[in-house]
Amino acid sequence: MIHSLFLINSSSDIFLEKHWKSVISRSVCDYFFEVQEKAGEAENVPPVIHAGHHYLINIYREKIFFVSVIQSEVPPLFVIEFLHHVAETFQDYFGECSESAIKDNVVIVYELLEEMLDNGFPLATESNILKELIKPPNILRSVVNSITGSCNVGETLPTGQLSTIPWRRAGVKYTNNEAYFDVVEEIDAILDKTGSVVFAEIQGVIDACVNLTGMPDLTLSFMNPRLLDDVSFHPCVRFKRWESERVLSFIPPDGNFRLLSYHVSAQNLVAIPIYVKQNISFFETGSSGRLDITVGPKQTMGKTVEAVFVTINMPKVVLSANLTATQGNYTYNPVTKTLVWDIGKLSQQKLPNLKGSLTLQCGAPKPEESPSLNIDLKIQQLAISGLKVNRLDMYGEKYKPFKGVKYVSKAGKFQVRT
Amino acid sequence: MSSGSGFGDEKGGSSSVGEPEYGHDPASGGIFSSDYKRHDDLKEMLDSNKDSLKLEAMKRIVAMIARGKNASDLFPAVVKNVACKNIEVKKLVYVYLVRYAEEQQDLALLSISTFQRGLKDPNQLIRASALRVLSSIRVTIIVPIMMLAIKEAASDMSPYVRKTAAHAIPKLYSLDPEQKDQLIEVIEKLLADKTTLVAGSVVMAFEEVCPERIDLIHKNYRKLCNLLIDVEEWGQVVIINMLTRYARTQFLNPNVNESLLEESGEKAFYGSDDEEGKEEKAEAAALAKRKPYVMDPDHRLLLRNTKPLLQSRNAAVVMAVAQLYFHLAPKAEVGVIAKALVRLMRSHSEVQYVVLQNVATMTIKRRGMFEPYLKSFYIRSTDPTQIKILKLEVLTNLANETNISTILREFQTYIKSMDKDFVAATIQAIGRCATNIGEVRDTCLNGLVQLLSNRDELVVAESVVVIKKLLQMQPEQHSDIIKHMAKLTDNIQVPMARASILWLIGEYCEHVPKIAPDVLRKMAKTFTNEEDIVKLQIINLAAKLYLTNSKQTKLLTQYVLNLAKYDQNYDIRDRARFIRQLIVPTDKSGALSKYAKKLFLALKPAPVLESPFKDRDHFQLGSLSHLLNAKAGGYQELPDWPETAPDPSVRNVEVKDSVPEWTKCSSREKRKEKKVEKPFYSDSEEESGPTESADSESDSASGSGSGSESEESGSGSESEESREESESEQEDKEDEEDKRKKKKKTDRGKVKAPAVESPESEESSGAEEKNRAQKVKGRRSGSESESEEEEESESESSRSESESESESESDTDAKKKKKAPVTKPPPKQAKKESKKEKKEMSLLDLDDFEPTPSPQVTPVNNFLSSSLVTDLEGLSLTDTVMAPTTIAPSGSVKTYELLHRITGEGLGVEYCFSRQPFSPDAHMVAVQIMFTNNTNAETKNLHVEDPKLQSGMRIKEFPEIELLPPGEMVTVVMGIDFCDSTQAANFQLCTHIRKFFVSIQPPVGELMMPVFMTENEFKKEQGQLMGMNEISEKLTLGEKCQNEHGIVQRVTSAANVSRVPCGSDKECRFAGKTVSSGILVLVTVATKEERAAQLTVNCEKMVIGTMLVKDILQALTQ
């Protein structure tokens, strides 16, 4: 399946290579460089590239291209998902998935890759199994190891590998037993020029941080589970129970994991927490334009909208912006042509406004295109869909865990067209 | 290092093993020598005695390998350490070895013996990794060794090692394809493996080695379907893809009837109306002939079992299921995948890219499926261009008469985007919408015409191209639009647009004979001020007009050509000269001028506007080949549906002959057969339980040990102990402990082995058993309804009634699907069946069983629901266990809770002591267990696992319950030999998803069985059990048991003893003996004045005696 993997940084250096079958010359990456050059931006590099006798399937994460070499038919998503999984594992192990982190821990990276694939087919990808096989680096251990000569590699088969719940290892112990759940919702919306909603939906996830002793069996129920239109689960969730009772019943993995992602369909009316009044116009003559944006809170259910950012990608001819903001401050980057207005908290009384003129390149015709506004915002203690966790029960263990649920709503791909 | 890649260039292919490194070394000249020095100190470190130094050296070497530097000269030094004790050093040596063994084959052989030793290691991880490395060394000489190792590992006890063996198969195959036949044997063996761990890997091996051997799958098909949900994600993808292909060869097209009609409709859409009429007739004829389609239950099984995986977090799994549904499901059911695919659009952009490609293909075939999700494909300015273009493709495919206005409005906003490639694609998309949907053609054209005034040349050019295409397709409408465009020449300043319009007017000048010369006149006027590109088109227009309408335009043309002759641009001068020679007839003009008209006004073929994704669906969706629209190496074609279905019985796991005579001659043979085969495969499933648990014993024990504690606190010290033990087993890494564990496992493996390997023999008897079980159940429910529990059975029947009602209504389709195959026989048939059984009752005499006096009382529905379950369960019974299922609870039996339905997540389990002899083993107490499924989902594979018993205690498990439909209840009997103690029997109750720790603790009264004796015998026995063996207690009788009858009832309910006839009415005597050791237990209750009484128990076992006294005392005083 997956023949080789090359990690390539933004300056087109291959800084790591790993082969699971016979060695493939790194010159195969030249095909990739060619395509990359043609594509211009990194995100426009097609994920699948035909390269002579091989196929290159690549992903772009954290400024690194993960380029895998395939020789025969394989579902492309299989490889893409796996590569993302590799990136996430690095993130998990080293705290970040950056070039320097990988270079610093090259041996662990190599050991990980060795365990994750056998002959190009995934072998052990569950994080808790890997962590038993290869211990994540930390300073204390590396000091101890260098003195005692003991090693980072587990000697016995991780218990998860054979059990029916590979995501949890046996014998977990904590002094503080806690289970935290973060309900994070993102509003994906497109508003048109007049401010009416073209399309809006809510994408939510429940991220969990579970530090519980033993083999707890948790049941999480919602006040209004019917809200959830489409869901995808961590493998630990018992699908049958969800189907029948609409509760999440699971033996949790140890530590951080994403329990559930869900989707609240566009059929349910999505409350748009803010409104934006905007007017961006360019004059036919005089090489200038005008900009006037007002942002105000709308359906916020009594909560404050925080961390509001408005980002506008201006047409290329816009040289500079001379604006005044009644609240927050703005920056215009003349190279990337992005105008960012950092508003902060929205208050009901005084609506923040950004107003002023734009200077265009001399002599250039008035730009045709209309820039769109990307909005970023955050509302604490509120799930905008109205989803509420009813209760969390634990079975199978005696102690009383500390439980907590946090709600946050954010703007996802929130765009206002002009 | 990037310089190194230059050297490898010429080589390219995979054959150039290590070439770039060799090429690189001389290139780096100066550093090269110092490299050697550095390698020297690495060698020194490797030769040292300290593990830490070795480790350091290996780390540096691995870092070199990772960076792509050549470290092959260290081979001898590294290989020496292959037997190093330090496991990390060892692992790194393995990494090195696998990387360079191919280059240094001879030296690599030195390490082989280490691996061979490793293959025998008691630690399964070491065995597995030895096999992994051994099979990864690509040295042809060791092929026989590898073969041997794989064969051995394929029958290893550890599923992890077997998994590794499955991984090794493709490695060996790629090294030496000659071994194929032998490898297929191993694959066949591993395919039969019942653990989820192995399933994915072996199917992977199957796909790489022998994808054409579809016959190997038959016997494992149902098992794979059932295991699927528990297989790890990556395995799921491979299995689903394989099963898609399999299903295409084995089942009939579920859409035979609809697809024909639908396809012809689609064709009309693309405008090839010609042949359609004929085809349709032929199809209609074919349709008439066709029999109504009935889906094979196995086909349904696959669809049903894959559906939950649409909820997987792994995009590859979701995609695999989606393609399976697209290729295999009836049209009406394919819709379910749309939602899941739309969900994936939130994922990483690479995932989006692949998913959109597949959605684009799907939308061509099944447009309706994604229509509700139209808005999810709306484009944001922040999307990468490649995603935008794919979304646009989907939107275009989704466009129809009803939504076109919304889509066009969207497109209008897209046209204002800053991303010019995307704008161009949008214009093309508009063009396609316009060709496909007649109603909006004019609107689109108008919109496009407006775009001609755009400043961006790309937009204009694209618009013109699209307009041109549209015009070419609809010649009759030409004139209007061209006239309109001609008018626009006054306003439009963009040279590209002007040029494009001029080209169009020239091309279709015959359609606008009046306007064209006028346009030329205007253009001639402004000629000198035009851009070059426009000038060229003016000349072009002039030439074309001259050829068609020389009378009016002769002078104009000459004027234009004269102007051009003196133009500053030599291209234009050139062109003018060329055209003049070509069109203006002179004496010298050559042969070409005769053909001038043909040259200029040749009919240009109309371009076709269709989706680039058309016809891509002949590739299996989700595959690499589909994405590239070209066959990738190793791609397995998706076969067409067969005309007639191949024999479905090949998937039966049983030997066909063993089906008893009477089922065959039954009128409903087909249905019977289905019933027979279902449980059979479940039979094999059941066996997977024990084998798996044997290996995973240690961890499950510790895991659940703690679990059981909280569930039932009364389970005593035993569970505590076992927990400690299992924990220590895990944590202590001492060798001894390890060995012990291993040994334990081997023993268990040995014990288990015969059971696993002789399913055939069991099966043959199994079929008969099933029928018997059915009878028995039928009778049982009859007697039940008569007994005191009439009320209960009534409520049960009403429940099942409502159940079947809801089924017919089928409000939740998931439920329907799950139930469909199981609940097929309608109630009527069930009735028939029950009658039939009555007749046949005599054929299957069971001794310990009173005949049902009035079977007509049996509520039909009750019978139906329970008989189906028994059907399934009965089959897997061996004949010895048969009888107990028939036990009807006699009298008022106290039931105890084994598993509360909340703890059991909807599975409620109760048990009672039925007080019937447990015929398979007379020393066991029969425990009747009642399972109730309170969930809405099926519970599968209920079985007992991993009993934790006191020494001497034994347990006879009930046969696995293959399936417990929602709302149903099933009763089974198991035997437990408590060794005459009241210690609890602990075991795990396993479903297909969960394990529950449960324990059964018997009241002392249930440990005995009645003995019949005369008064004299009683007295004689009592006389022998005096002294220490006699315990007597004074008591005051409770209010309700003052008479004789009350006492008898109380005592017999407290203990399973029988009354001994007695002359005196002051005394009640009872006798019994313990089940396990047959020791007599004699009870005497002597009543005195008032309510005073004396209880005497005579028993050899004092413990039992005292406990019994306590129990009876309590019963009587209440």
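Please read all numbers here as calculations on a predicted model, not as lab measurements.

Looking at this structure, I do not really get the overall build of chain B. What am I missing?
A count of helical and extended segments in chain B gives 51 helices and 15 strands. The buried share of chain B, taken over its 1118 residues, is 58%. Within chain B, counting contacts between residues at least 6 apart in sequence, those at least 24 apart form 69% of the total.

Please clarify how the overall build of chain A should be interpreted in this entry.
Across its full length, chain A holds 8 helices and 23 strands. In chain A, the proportion of contacts linking residues at least 24 apart, taken out of those at least 6 apart, comes to 68%. In the form shown here, chain A has an accessible surface area of approximately 16,000 Å², with 50% of it arising from carbon and sulfur atoms.

I tried to follow the interface of chain A and chain B on my own but got confused; where do I start?
The extent of an interface is frequently quoted as the accessible surface area lost upon association of the parts. Every contact between the two is made by 117 residues of chain A and, on the other side, 127 residues of chain B. Here chain A and chain B share an interface that buries about 10,700 Å² over both sides, 57% of which is from carbon and sulfur atoms. At the junction of chain A with chain B, the criterion picks out 11 salt bridges. With a shortest N-O distance of 3.2 Å, B:R343 and A:D230 are connected by a salt bridge. By residue number, the principal contributor to the side of chain A that touches chain B is helix α2 (residues 76–94) of chain A, which donates 8 residues.

Help me understand the sheet that holds strand β7 (residues 969–977) of chain B in this model?
Strands in a sheet are paired, the pairing made by backbone hydrogen bonds, and the direction either parallel or antiparallel. Residue and element names in this part refer to chain B. Taken together, 5 strands build an open sheet; the order of strands is β1-β2-β3-β7-β5 and the sheet is antiparallel. Single-partner strands in this sheet number two, and they are β1 (895–899) and β5 (954–956). Direction aside, neighbouring strands of the sheet carry axes that sit 30° apart on average. Taken together, the 8 bridges between strand β3 (residues 925–933) and β7 define a ladder with antiparallel strand orientation. The residue bridging V927 from the neighbouring strand is M974, located in β7.

Please clarify how the pairing of strand β1 (residues 2–8) of chain A should be interpreted in this entry.
A regular strand places its side chains so that they alternate between the two faces of the sheet. All names here are of chain A. The element β1 is largely enclosed, with a buried count of 7 among its 7 residues. In the sheet, β1 pairs with strand β5 (residues 64–70) via 6 bridges, with the strands oriented antiparallel. Bridge pairing in β5 places L5 opposite S68. With 5 bridges connecting them, β1 and strand β2 (residues 14–19) associate as antiparallel partners. Directly across from S4, in β2, lies its bridge partner H19. In sequence, β1 turns back onto β2 through a hairpin of 5 residues, with S12 there showing a positive phi of about 60°.

What exactly am I supposed to notice about the environment of B:M485 here?
All names here are of chain B. As for its placement among the helices and strands, M485 is situated in helix α30 (residues 478–488). For the pair M485 and S500, spaced 15 residues apart in the sequence, the C-alpha separation amounts to 9.9 Å. Setting aside its immediate chain neighbours within four residues, M485 contacts V449, L452, I467, I501 and L504.

I'm lost on helix α28 (residues 441–451) of chain B in this one. Help?
Within α28(B), the full set of buried residues consists of B:R441, B:C444, B:L445, B:L448, B:V449 and B:L451. All buried residues of α28(B) project into a common sector of 150° when viewed along the axis, lining one side.

Honestly, the environment of B:E233 in this entry has me stumped. Any pointers?
All names here are of chain B. With respect to the element layout, E233 can be found in helix α16 (residues 233–250). A residue is classified by how much of its surface remains accessible, and E233, at 12% relative accessible area, is buried. Taking the C-alpha atoms as reference points, E233 and V317, separated by 84 residues in sequence, lie 6.7 Å from one another. Reaching out from E233, the side chain makes a polar contact with the side chain of R313 at a distance of 2.8 Å.

Looking at this structure, I do not really get the pattern of salt bridges. What am I missing?
Pairing between side chains becomes possible if they bear opposite charge and their charged atoms approach one another. Residues and elements named next belong to chain B. In total, this model carries 50 salt bridges over all chains according to the counting rule given. Between E102 and R138 there is a salt bridge, with the nearest N and O atoms lying 3.0 Å from each other. Of this pair, E102 sits in the loop between α6 (87–100) and α7 (105–108) while R138 sits in the loop between α9 (124–136) and α10 (143–154), and the two are 36 residues apart along the sequence. Judged by its relative accessible area of 15%, R138 falls in the buried class. Ionic pairing is found between D298 and R651, a salt bridge with its closest N-O pair at 2.6 Å. You can see D298 sitting in helix α19 (residues 297–306) and its partner R651 sitting in the loop between α37 (624–628) and α38 (661–665), a full 353 residues away along the chain.

Looking at this model, I keep getting lost on unusual backbone geometry. Mind explaining?
A negative phi holds for most residues other than glycine; trans holds for most peptide bonds. Non-glycine residue A:E62 carries a positive phi angle of around 45°. Positionally, A:E62 belongs in the loop between β4 (54–61) and β5. The exposure class of A:E62 is partly exposed, given its relative accessible area of 45%. Within the chain, B:N629 stands out as a residue other than glycine whose phi angle is a positive 55°. Within the fold, B:N629 resides in the loop between α37 and α38.

Can you walk me through the packing of α16(B) against helix α20 (residues 315–328) of chain B in this structure?
Relative placement of two packed helices is described by the angle separating their axes and the distance separating the axes. All names here are of chain B. Look at α16 against α20: their axes get within 9 Å of each other, and the N-to-C directions meet at 10°. When the interaxial angle is binned, α16 and α20 end up roughly parallel. Taking contact as the criterion, the partners of E233, Q236, V237, I240, N241, L243, T244, A247 and R248 in α16 are, on α20, A316, V317, A320, V321, Q323, L324, H327 and L328.

What exactly am I supposed to notice about helix α11 (residues 159–175) of chain B here?
Side chains three or four residues apart in an α-helix point the same way, a direct result of the helix having 3.6 residues per turn. For α11(B), built from 17 residues, the straight-helix expectation of 24 Å at 1.5 Å per residue is met to within 8% by its first-to-last C-alpha distance of 25 Å. Of the residues flanking the start of α11(B), the one acting as N-cap is B:S158, its side-chain oxygen 3.1 Å from the backbone nitrogen of B:Y160.

Explain the sheet that holds strand β6 (residues 961–964) of chain B to me, please; I cannot follow it from the model alone.
All names here are of chain B. Ordered by their spatial adjacency, 4 strands build an open sheet running β6-β4-β8-β9, and the pairing between neighbours is antiparallel. The sheet terminates laterally at β6 and β9 (995–1000), the two strands that pair on one side only. The average undirected angle you get between the axes of adjacent strands in this sheet is 35°. Here strand β4 (residues 939–948) runs beside strand β8 (residues 985–990); their pairing, made up of 4 bridges, is antiparallel. Bridging across to β8, H943 finds its partner in C990.

What should I look at first to understand the nonpolar core in this one?
The nonpolar side chains of soluble globular proteins are, as a tendency, buried together. A:F66, A:F90 and B:F377 are the most contacted members of the largest nonpolar core, which has 269 residues in total. Per element, the largest residue contribution to this core is 12 residues, and it comes from α20(B). Once you skip the residues sitting within four places of it in the chain, A:F66 turns out to touch A:L5, A:F6, A:L7, A:I57, A:N58, A:I59, A:R61, A:L83, A:V86, A:A87, A:F90 and A:C97. If you look at the next biggest cluster of nonpolar residues, it comprises 76 residues, including A:V210, A:F239, A:V295 and A:L373.

What should I look at first to understand the packing of aromatic side chains in this one?
Both the distance between ring centres and the angle between the ring planes are used here to describe each pair of aromatic rings. If you walk through the whole model with that rule in mind, you get 26 aromatic pairs over all chains. Measuring from centroid to centroid gives 5.7 Å for A:F233 and A:W242, while their planes differ by 70°, and the two rings are edge-to-face. Residue classification places A:F233 among the buried positions, given a relative accessible area of 6%. Among the aromatic residues, those joined into a cluster by ring pairs are A:F32, A:F33, A:Y60 and A:F65. Cation over ring: B:R99 sits above B:Y100, and NZ or CZ is 4.5 Å from the ring centre. The ring of B:F326 is capped by B:R366, whose NZ or CZ atom sits 5.2 Å from the centre of that ring.

Basis of the calculations
Residues numbered from 1 in each chain as written. Chains lettered and ligands numbered in written order. Predicted model: local features only at pLDDT ≥ 70, side-chain atom pairs only at ≥ 80, totals over all residues. Heavy atoms only, no water. Helix = DSSP H or I, 4+ residues; strand = E, 2+ residues; numbered from the N terminus. Buried < 20%, exposed > 50% of the residue type's maximum accessible area, 1.4 Å probe, protein only. Contact = heavy atoms within 4.5 Å. Areas by Shrake-Rupley, 256 points an atom, 1.4 Å probe, with all protein chains shown as cover. Buried area = accessible area lost by both parts, 1.4 Å probe. Salt bridge = Lys/Arg side-chain N within 4 Å of Asp/Glu carboxyl O. Pairing = 2+ DSSP bridges. Axes fitted to C-alpha atoms, helices over the stretch in contact; angles between N-to-C directions. Arc of directions from axis to C-beta. Polar contact = N/O pair within 3.5 Å; in protein donor to acceptor, adjacent residues only side chain to side chain. Parallel < 35°, antiparallel > 145°, perpendicular 65-115°, else oblique. Expected span 1.5 Å × (residues − 1). Core = buried A, V, L, I, M, F, W, Y, C linked by side-chain atoms within 4.5 Å. Phe/Tyr/Trp six-rings, centres within 6.5 Å; stacked < 30°, edge-to-face > 60°. Lys NZ or Arg CZ within 6 Å of the ring centre and 35° of its normal.

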